[in-house]
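Summary of structural features
One letter stands for each residue in the lines below.
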Amino acid sequence: RPWGEGPAAAMPPKAKPGAKGKAAAGRAAAKPAPAPRPPAPEEAKAPALSVPEAEAGIEEVSEEAWAELADCEESPSEVVAGVLKALLLLLGEPEASIWQVAHAALADRPALLRELRSLGSWGCSEGQLAQAAEALKAADWTKLRRPPAAGSGASAAKSLQSAKAPAAKAKAAPALAPIKGAEAALAVGLMAEALIEVRKGDEKPPGFPDSWPLDPLRRLHDRLRIASFGKMSATVVCPSTPALAAATLYCERLDAVMCNVAQLQVQVGLTKTMSANQASAKMAGHLKEALTSGRPLVLMLGAAPPDLNTLCGSAPAGFPVEALWGEKTQEVAKAMGLSGLPASGFQIVLLVGLSKAKAEQLMPKHVPGFDDMAVLVLDERSLPAASDLASLQATKPSLRAALRLLAWPPAEAAVGAAPVAPAAANASAASADGPQVNAEEFEYVESFGEDYLTRWSMGPATKDEHGKEIRQNLIQATIVKYPANPKDAKMCLQLVGGAANSPCTGLWTSFSPLARPTEVEFEFTMNGKVDLPNACVVFTEKPWQGALPDCKIGVQFAVRGGMQLCGGAGNLVRISNDGKIQNDKWNKVLLKIDWNDKVIVGQVDTKGKGYAPAIQTVPFRDQTCEGFGYLYIYNTDMQGTCWFSSLRIKQAFGDAFAGLGTDGLEARAVLAKRLQQREYERAVNADMEVGMKMGAIKCTKEHGMNLAEEQRANNSSFM
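Reference entry: report on the structure contained in this document.

Observations regarding the side chain of Glu523
Mapping Glu523 onto the fold places it in strand E12 (residues 519–527). Given the relative accessible area of 9%, Glu523 is considered buried. A polar contact is formed between the side chain of Glu523 and the side chain of Lys490, at a distance of 2.8 Å. At a separation of 2.7 Å, a polar atom in the side chain of Glu523 contacts the side chain of Ser645. Excluding residues that lie within four positions of it along the chain, Glu523 makes contacts with Lys490, Trp586, Asn587, Lys588, Trp643, Phe644, Ser645 and Ser646.

Put into structure tokens, the structure is as follows:
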């Protein structure tokens, strides 16, 4: 046996001293040892297919071969199970080792292919790739590379094996026992191998387009991953509420860290329960969680995106503005004390519910670093039906759950939808100049405590109707307990004094963004002259700049010989119908607002027995008002005083007049219709009477012609 070959090879025994020369002579006469045989050539490995080729291979597998794999009721062979596990790991399935999960995926091949296309070549994380590669290697899936049986519909598998066959001739492999579902499993293995090898090679992901692409929902994950590889934060522009809901659900199913910045804006600018510094600190907490866990951070900006310049970096512990630049992530993590982070998978994604035209106008102003972000517009025609979205909400968060949402077929109504017409596009562009309006539900409750000046300011008007400065301390606002009667006494805001014919001289507050409340309720009482407006409550779209009509007034309430609303062209409409206002007695007012028709229904309660039925709708003072940005409370009587104990402003969805007793409104509408009909009949009767006197309407009995026709006939007979 040659040296070193086989188990019998060992060190020879040491020669005796006397036999040394003899041994040397014997060696000289010995024949030379034969050269060692070269090792048997290993079978050359076929190069991996590309991802599109592997997808085509799965499509070309025959129905019989695919059914053979899907019909395995019990656990399949280890080779097939390992291949399926590798593919499900790439898709982000948390239960990839369970055969029932794999069996369910195989049952719907078109859905599986759609999920793979939604994943894309760059959709997996590094951890998923490593796990899938290990599972594929452990499965020894090359056993599946055997010639297919004739007549079994195996042309696809054969083409896959020979598509990129090596040039060197390999040694024939020994025949293997047939494996059930081998042909379809081979196509699955080639797909898993293609997804793994494309990330191991030198190929780099494609660059993100400079222009905003209009992408279907199924491409959302692939686009965001490409932006992540380019170290770019991303913005998803959703032109409609369903599009925003679908993008939000995708991020939730992906188990991203969700930060509802729109809701934080409501708490800062509308309900006034949070400061800007507190909101920024809360955003920073979400950022730290995403950096630590290696998950995307999704900033939900809503339909009225806030100005992130005011929220980012507003406090030492606030959200750092540098985080919005993807290439500065390492610096941000280090500044936040997170050394060695972020973990793989972190990315900042902004969701905004705006049209493309409006996003182009607003986002560069409101988002620092927006010009360096990857931006895509979601195609509304690619969205699933709302019922399908609801069914997907109950799934457990995972990458595969997110891909299943993206791969869901579009709604039937959207499949045949035509592209956006130029007229519609122009209308969208024209509306881009409109104001931002809040689309979140909220309720602002003001109890006028000692800290009310953190939310309210005095003024803003400081001059009277003649342009003279209002004397200092003429108008005062304090917190008192009123009235003296202990039974009715409450802590409240007392506003003393005013200037004749001078609005907006008391207190004011603002709302950002514009709000569209559906309910306004307050409790007040007052003392003053009956011929001057007092306890005025005015909602406007624009700030006071010297003339109240220029502010675009929506709701204007005042007490002038009774509670009234000013509507239309300044007409005063009385809404108090359950008695007069009494001194030192609290009165409640409830205003319900319909923004579709821009009308108000007012109800009052002056006796503490509940609101009286509504009797009339009042139109907005200015029909061009798009929302409420400012609220003013003031008197116009120098000796007038009003007290407010509470104020509630609520914006909700649905019917604004739901639950409202409409008996009075309906009776008034019937009465108005009858009066209108009576007026019409009176006018018709008057016209008939005049016509009969002139002979132009009343007909003669002899020939059926009226007087004018008879005269025309008589005159024509002489011609």
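What about unusual backbone geometry?
Omega for the peptide link from Gly459 to Pro460 comes to 5°, which places this bond in the cis form. Relative to the helices and strands, Pro460 is located in the loop between strand E8 (457–458) and strand E9 (476–482). For the bond from Ser512 to Pro513, the omega torsion is 0°, close enough to zero to count as cis. Tracing the sequence through the fold places Pro513 in strand E11 (residues 507–515). Positive phi, normally seen in glycine, also occurs at Lys272, with a value near 60°. Structurally, Lys272 is set in the loop between helix H12 (261–269) and helix H13 (276–293). Notably, Asn473 is not glycine yet its phi reads approximately 70°, a positive angle. If you trace the backbone, Asn473 turns up in the loop between E8 and E9.

Overview of the packing of helix H4 (residues 78–90) against helix H7 (residues 126–139)
It is at 8 Å that the axes of H4 and H7 come closest, and there the two elements cross at 170°. Here H7 runs roughly antiparallel to H4, going by the angle between their axes. Between H4 and H7, the residues in contact are Glu78, Val79, Gly82, Val83, Lys85, Ala86, Leu89 and Leu90 and Gln128, Leu129, Gln131, Ala132, Ala135, Leu136 and Ala139, respectively. In terms of residue class, the contact of H4 with H7 is built from 10 nonpolar, 3 polar and 2 charged.

A look at the side chain of Arg253
With respect to the secondary-structure elements, Arg253 resides in helix H11 (residues 241–253). Within the buried set, Arg253 has no salt-bridge partner at all; the shortest N-O distance to an opposite charge, 4.6 Å, is to Glu252. A polar contact of 3.5 Å, which involves the side chain of Arg253, links it to the backbone oxygen of Gln393. Apart from the residues within four sequence positions on either side, Arg253 is in contact with Leu392, Gln393, Thr395, Lys396, Pro397, Ser398, Ala401 and Ala402.

Details of the sheet that holds strand E4 (residues 297–302)
Read across the open sheet, the 6 strands follow the order E1-E6-E2-E5-E4-E3; overall the sheet is parallel. Single-partner strands in this sheet number two, and they are strand E1 (214–215) and strand E3 (257–260). Relative to strand E6 (residues 374–378), E1 runs parallel, the two sharing 2 bridges. Residue pairing across strands places Asp215 opposite Leu378, the latter belonging to E6. Taken strand by strand, H13 contacts E3, E4 and strand E5 (348–352), and its axis lies near 165° from that of E3.

Conventions we followed
Residues numbered from 1 in each chain as written. Predicted model: local features only at pLDDT ≥ 70, side-chain atom pairs only at ≥ 80, totals over all residues. Heavy atoms only, no water. Helix = DSSP H or I, 4+ residues; strand = E, 2+ residues; numbered from the N terminus. Buried < 20%, exposed > 50% of the residue type's maximum accessible area, 1.4 Å probe, protein only. Polar contact = N/O pair within 3.5 Å; in protein donor to acceptor, adjacent residues only side chain to side chain. Contact = heavy atoms within 4.5 Å. Axes fitted to C-alpha atoms, helices over the stretch in contact; angles between N-to-C directions. Parallel < 35°, antiparallel > 145°, perpendicular 65-115°, else oblique. Nonpolar A, V, L, I, M, F, W, Y, C, P; charged D, E, K, R; others polar. Lys, Arg positive; Asp, Glu negative; His and termini not counted. Salt bridge = Lys/Arg side-chain N within 4 Å of Asp/Glu carboxyl O. Pairing = 2+ DSSP bridges.

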